[in-house]
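Now for the letters of each chain:
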Amino acid sequence: MPTETHIQRAFEDLQAVFGNRVTISPMHRMAYSRDWSPRHRSAQDLPDLVVIPHTTDEVVQLVQVALRYSLPVVPFAGGTGMGGGVAAWRGGIMVETKGLNQILELDLQNLSVTVGAGITVWTLNEHLARHNLWFPHQPESKRACTIGACIGCDNDSTFGIRYGKILENLTNLVLVTGRGEAVRLGHRKASFTSTGYKLMELVVGSEGTLGIVTEATLRVFPLPQTRQVRGYLFRSLNEGAKALERLLAAGLAIDSAHMNDRERLHFYTHSYREKYHREPEVPDWAEAILFISWAGDPDVVEFSMDKTTRILTEEYGAEMVREQEMVDGWWDSKHRLEFIPFKQKWPDSQRVKKFGAADLGLPIGRLDEAYARFREIAAKWHQDILGMTVYNEAPNKATASISFAVFVDDSTEESIRNFYEYVREMSAMAVEMEGTMSSYIGDGDRLGGFNALEHGPSLEYMKQVKALFDPAGIMNPGKKFDTRWLR
Ligand SMILES: Cc1cc2nc3c(=O)[nH]c(=O)nc-3n(C[C@H](O)[C@H](O)[C@H](O)COP(=O)(O)OP(=O)(O)OC[C@H]3O[C@@H](n4cnc5c(N)ncnc54)[C@H](O)[C@@H]3O)c2cc1C
């Protein structure tokens, strides 16, 4: 941990550059003491200092100060991460990245935008909409989540089934490494390259452990004219996945597809009953609900919707959800972020119990098996099941990025430990089922203690990569290769 003398000296050096944009006040440090990952309700990880840079050059200067006094450097964006990625449990300098929020260039000819990495996905899209454009990489947390954090934790997007993950539309970035240097990585405005090593790709999902992303150049797209959303009920999750693969093969204008298990389905029917005081017509055999949206020109969307319904009902015995209000309510709460106070799980239920998840990437044909094992493992660790959602995150493929969500009681240390034991056992299951332990949250401070399970000897190569970018080991220490929860 940093010494008091080093912190004081670093504070003075930083004040010379940042003036009142650096603070050691406990109140400010407290505001950066946690993210949305489950932990005891009174737990705090206080950084020693908080700095708000506005330019890449300022980030370079702050990393140089950190190197001088061997202080950890932790980038903080929206603080909505679910893996403890911003927890400063080894103290150090917290870097508030939202000051890096400029639109640096909008190139309409090449459909490309260059931004400061601290801009939120929401604000970027507000700018783009004025030009009838959008950046379709959109996690549900888009109001808070920054472009730098999307790169940092390689998160999921509502529209992944058409546009993929962020790497698909990221063409270059600037990284301030742990050496205190700014390097530009990637392929300018071209969509791909066959030259050099793909260093930009290494930064995606690196969670601030190689450096701080300060700028990013992104491919943007014309806004679709219209979008429609419907829900379909299936007898099993595997059947829903097979049907989705069939729809993609048919070439329909699908831009999102999310499948939910029966727990989640019951949550939606319950909300519908509460709101409309009517019983929804959902058959007993329904084990899964697949929400699909189509986007594009109105006639293409209309055709795609009709064809989808025909394929799903005639070839797969699925049933379309009759209560369209239920489907629209789901879409509004998750994707338009229009919350009805005290009715939805986000964010009101957070006051009572915390949302927690194991986020696994699995082969697409093993959903029913995964669901059965999820129930067993959750029961073993006394987890209160919220449900399983399958997101699709690669263009034109049914892929399973799965949230196995539970409600976490954060009032006792024991229940927090049980949650992380649950995550560990689910992670081991993912590897056994030929998948991956995390598909959108990242390692954070959760998985490091046992990720040799997934990476084996390649973990040593990863540590060498880290040492190349960050020889002094100051960039977000305690993440990726460590876990603080299970000893
Ligand atoms: C209500 C809600 C809905 C959510 N929906 C989704 C969803 O749909 N899909 C999904 O995948 N996740 C979702 N999440 C999880 C989370 O929002 C995302 O993972 C998101 O990417 C975190 O963004 P953030 O800006 O809050 O990052 P933070 O939590 O502040 O940081 C996340 C990680 O990125 C690193 N980082 C931040 N900025 C930089 C930078 N400039 N350079 C390098 N590293 C950096 C941090 O150090 C940390 O390790 C949701 C969370 C909530 C609370």
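Residues numbered from 1 in each chain as written. Predicted model: local features only at pLDDT ≥ 70, side-chain atom pairs only at ≥ 80, totals over all residues. Heavy atoms only, no water.

### Some points on helix α4 (residues 121-129)
Then, in step 1: Among the residues of α4, V121, L124, N125 and L128 are the ones counted as buried. Down the axis of α4, the smallest arc covering the buried residues is 95°, so these residues share one side.
Then, in step 2: Where α4 is buried, its residues contact β5 (103-107), β6 (112-116), β7 (133-134), α5 (147-153) and β10 (211-219). (Buried < 20%, exposed > 50% of the residue type's maximum accessible area, 1.4 Å probe, protein only. Helix = DSSP H or I, 4+ residues; strand = E, 2+ residues; numbered from the N terminus. Arc of directions from axis to C-beta. Contact = heavy atoms within 4.5 Å.)

### Notes on a negative patch on the surface
Then, in step 1: Together, D297, D299, E302 and D306 give the surface a local cluster of negative charge.
Then, in step 2: Looking at the element boundaries, D299 is found in helix α10 (residues 298-316). (Patch = residues over 30% accessible without salt bridge, like charges linked within 9 Å, V, L, I, M, F, W, Y side chains within 5 Å. Areas by Shrake-Rupley, 256 points an atom, 1.4 Å probe, with all protein chains shown as cover. Salt bridge = Lys/Arg side-chain N within 4 Å of Asp/Glu carboxyl O. Lys, Arg positive; Asp, Glu negative; His and termini not counted. Charge placed at Lys NZ, Arg CZ, Asp CG, Glu CD.)

### A few points about the domain arrangement of the chain
Then, in step 1: Once the domains are mapped, the chain shows domain 1 (4-99), domain 2 (103-222), domain 3 (226-336) and domain 4 (352-469).
Then, in step 2: Between domain 1 and domain 3, the C-alpha centre-to-centre distance is 43 Å. (Domains from an automatic or database assignment.)

### Comments concerning the nonpolar core
Then, in step 1: The biggest cluster of nonpolar side chains holds 55 residues, and the ones touching the most others in it are F404 and Y422.
Then, in step 2: Of the residues forming this core, the biggest block, eight residues, is contributed by helix α13 (residues 413-432).
Then, in step 3: The residue makeup of this core includes at least three contributed by each of domain 3 (226-336) and domain 4 (352-469).
Then, in step 4: Leave out the neighbours within four places in its chain, and F404 touches G356, A357, A358, L360, L362, A370, F374, G387, M388, Y422 and M426.
Then, in step 5: V113, A117, I151 and V220 belong to the second largest nonpolar core, which has 27 residues in total. (Core = buried A, V, L, I, M, F, W, Y, C linked by side-chain atoms within 4.5 Å.)

### Focus on the sheet that holds β5
Then, in step 1: In spatial order, the strands read β5-β6-β10-β8-β9; together these five strands make up an open sheet with antiparallel pairing. Edge positions in the sheet fall to β5 and β9 (182-186), since each of these pairs with one other strand and no more. Put simply, the sheet's adjacent strands are angled 15° from each other on average, direction ignored.
Then, in step 2: Strand direction decides the pairing type here: β6 and β10, joined by five bridges, are antiparallel. Across the sheet, residue V113 finds its bridge partner in β10, namely L218. (Pairing = 2+ DSSP bridges. Axes fitted to C-alpha atoms, helices over the stretch in contact; angles between N-to-C directions.)

### Side note on the sheet that holds strand β2 (residues 49-51)
Then, in step 1: Reading across the sheet, the four strands line up as β1-β2-β4-β3 and stay open at both edges, with mixed pairing between neighbours. A strand with exactly one partner marks an edge of an open sheet, and here the two such strands are β1 (22-23) and β3 (73-76).
Then, in step 2: Relative to β2, β1 runs antiparallel, the two sharing two bridges. Bridging across to β2, T23 finds its partner in V50.
Then, in step 3: Sheet strands touched by helix α1 (residues 4-18): β1, β2 and β4 (93-96). Its angle to β2, the strand with the most contacts, is close to 15°.

### A look at the environment of T214
Then, in step 1: With respect to the helices, strands and loops of the structure, T214 is situated in strand β10.
Then, in step 2: As a C-alpha pair, T214 and N155 span 59 residues in sequence and 18 Å in three-dimensional space.
Then, in step 3: If sequence neighbours within four positions are ignored, T214 has contacts with T56, V59, L100, V115, G116, A117, V174 and V176.

### As for the packing of helix α12 (residues 367-380) against α13
Then, in step 1: In the contact formed by α12 and α13, the axes pass within 9 Å of each other and the chain directions differ by 155°. Taken together, the axes of α12 and α13 lie roughly antiparallel to each other. Two packed elements cross with a definite hand, and for α12 against α13 that hand is right-handed. Facing α12, whose interface residues are A370, R373, F374, I377, A378 and K380, α13 presents Y422, E425, M426, M429 and E432.
Then, in step 2: In terms of residue class, the contact of α12 with α13 is built from seven nonpolar, no polar and four charged. (Parallel < 35°, antiparallel > 145°, perpendicular 65-115°, else oblique. Left-handed = near helix turned anticlockwise from the far one by under 90°. Nonpolar A, V, L, I, M, F, W, Y, C, P; charged D, E, K, R; others polar.)

### Focus on the pattern of salt bridges
Where side chains of opposite charge bring their charged atoms close, a pairing between them can arise.
Then, in step 1: In the structure shown here, the tally under the stated rule is 33 salt bridges.
Then, in step 2: D45 serves as the salt-bridge partner of R484, at 2.9 Å between the closest nitrogen and oxygen. Placement of the pair is R484 in the segment after α15 (458-469) and D45 in the loop between α2 (26-31) and β2, with a sequence separation of 439 residues.
Then, in step 3: For R366, the salt bridge is made with E369, and the minimal N-O distance between the two is 3.1 Å.

### Observations concerning the site of the ligand
Then, in step 1: Around the ligand sit 29 residues in total, of which P75, T80, S141, N155 and D156 are the nearest.
Then, in step 2: Take G81: an N or O atom from its main chain is 2.8 Å from an oxygen atom of the ligand.
Then, in step 3: For the ligand, the accessible surface in isolation is 980 Å², of which the surrounding protein chains cover 94%.
Then, in step 4: Elements supplying a minimum of two residues to the shell around the ligand: α5 and β10.
Then, in step 5: When the residues that make up the shell around the ligand are grouped by side-chain class, the tally is 14 nonpolar, 12 polar and three charged.
Then, in step 6: Two domains each provide a minimum of three residues to the shell around the ligand, namely domain 1 (4-99) and domain 2 (103-222). (Near = heavy atom within 4 Å. Polar contact = N/O pair within 3.5 Å; in protein donor to acceptor, adjacent residues only side chain to side chain.)

### Side note on the pairing of β5
Then, in step 1: As paired strands, β5 and β6 are joined by four bridges and run antiparallel to one another. What sits directly across from E105, in β6, is T114.
Then, in step 2: If you look at the hairpin formed by β5 and β6, you'll find four residues sitting between the two strands, and L111 has a positive phi there, around 50°.

### Looking at the environment of A378
Then, in step 1: Relative to the elements of secondary structure, A378 occurs in helix α12.
Then, in step 2: Take A378: its relative accessible area is 0%, and that puts it in the buried class.
Then, in step 3: The spacing of A378 and R90 is 288 residues in sequence and 31 Å in space, taken between C-alpha atoms.
Then, in step 4: Look past the residues within four positions of A378 in its chain and what remains in contact with it is Q383, I385 and Y422.

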